[in-house]
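# Structure at a glance
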Amino acid sequence: HAALRPIPMMADMAHFFDLSPVVLLPAGIILVLALLRVNVKVAMAASIGIGMTIAYHYQHYSLLKIIQFSVVGYQLEPATPLQAILLGGGLLAMGKATLVVFLSTAFAGIFSGSQALAFVDARLGQMATQRARSRATILVAILANLFGCSKPSPSC
């Protein structure tokens with residue numbers, strides 16, 4: 001019976017990690033604090049702190065190794081099927097995404113301060129129905145995506 005056979009990947013994970021329920025605490029903290037409408041920075045800091053504590057006490061990683069994982073991403077030492085799944089992450093990998101968010105925020109501030117898109121805001125304000133605003137939003141999103149392709153392709 002297929003349901004009774006152990007899943008090889010889970011057996012591999014159990015070999016490398018302590019899979020006790022306590023390892024779910026960082027995700028649980030994020031969910032609970034989001035439901036309580038706690039500031040996202042506070043919720044993330046709490047989750048990261050608990051995650052680092054679990055990595056130290058339950059997974060037995062040194063503080064130096066935890067910091068290394070945080071900066072360059074996680075890597076398993078021996079070659080295992082899990083390596084392809086668990087490889088990556090870290091602050092360096094998030095550099096490009098962070099730059100995109102930073103630039104988007106900067107452009108939003110520039111557009112807001114210079115009133116460069118005031119005509120769009122005025123036009124959207126004239127639209128009486130929610131349906132008309134939704135259509136306009138979809139149209140603007142399509143136009144923005146035509147100019148904002150993230151991967152080179154024949155259509156970009």
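Look above for the structure.
So, a few notes on the structure that sits alongside this text. (Residues numbered from 1 in each chain as written. Predicted model: local features only at pLDDT ≥ 70, side-chain atom pairs only at ≥ 80, totals over all residues. Heavy atoms only, no water.)

## Some thoughts on the nonpolar core
Here is the rule: Among buried residues, the Ala, Val, Leu, Ile, Met, Phe, Trp, Tyr and Cys ones that are joined through side-chain atoms within 4.5 Å form a nonpolar core. Note on classification: 1.4 Å probe, protein chains only; a residue is buried when its accessible area is under 20% of the maximum for its type, exposed when over 50%, partly exposed between these limits. Should any heavy atoms of two residues lie within 4.5 Å, those residues are considered in contact.
In this structure, F17, A55, Y61, I66, F69, Y74, L76 and L82 together form the largest nonpolar core, which totals eight residues. For L76, the contacting residues outside a window of four places in its chain are F16, F17, L82, Q83 and L86.

## What about the packing of aromatic side chains?
To be explicit about the condition: The criterion for an aromatic pair is that two Phe, Tyr or Trp rings (for Trp, the six-membered ring) have centres within 6.5 Å, with stacked assigned to planes under 30 degrees apart, edge-to-face to planes over 60 apart and tilted to the rest. What counts as a helix is a DSSP run of H or I of at least four residues, what counts as a strand is a run of E of at least two, and both are numbered from the N terminus.
A full pass over the atoms with the stated rule returns three aromatic pairs. For the pair Y61 and Y74, a centre-to-centre distance of 6.2 Å together with 80 degrees between the ring planes defines the contact as edge-to-face. One end of the pair, Y61, is in the loop between α3 (40-57) and α4 (63-72); the other, Y74, is in the loop between α4 and α5 (82-86), and 13 residues separate them in sequence. Classification of Y74 by relative accessible area gives buried; the value is 14%. In textbook terms, an aromatic cluster arises when at least three aromatic residues are bridged by ring pairs, as seen for Y61, F69 and Y74.

## Things to note about the packing of helix α2 (residues 25-35) against α3
Going by this rule: Axis lines are fitted to C-alpha atoms, over the contacting stretch for helices. Their N-to-C directions set the angle, which ranges from 0 to 180 degrees. The cut-offs work like this: below 35 degrees is roughly parallel, past 145 is roughly antiparallel, 65 to 115 is roughly perpendicular, and the gaps in between are oblique. Crossing handedness is defined as follows: a turn of the near helix away from the far one that is anticlockwise and smaller than a right angle gives a left-handed crossing, while the clockwise case is right-handed. When residues are sorted by character, Ala, Val, Leu, Ile, Met, Phe, Trp, Tyr, Cys and Pro go into the nonpolar class, Asp, Glu, Lys and Arg into the charged class, and all the rest, Gly among them, into the polar class.
At a closest axis distance of 8 Å, the pairing of α2 and α3 adopts a crossing angle of 165 degrees. Comparing their axes, α3 and α2 come out roughly antiparallel. The handedness of the crossing between α2 and α3 comes out as right-handed. Contacts between α2 and α3 involve L25, P26, I29, I30 and L33 on the former and, on the latter, A43, M44, A46, S47, I50, G51 and I54. Residues belonging to the contact of α2 with α3 are distributed by class as follows: ten nonpolar, two polar and no charged.

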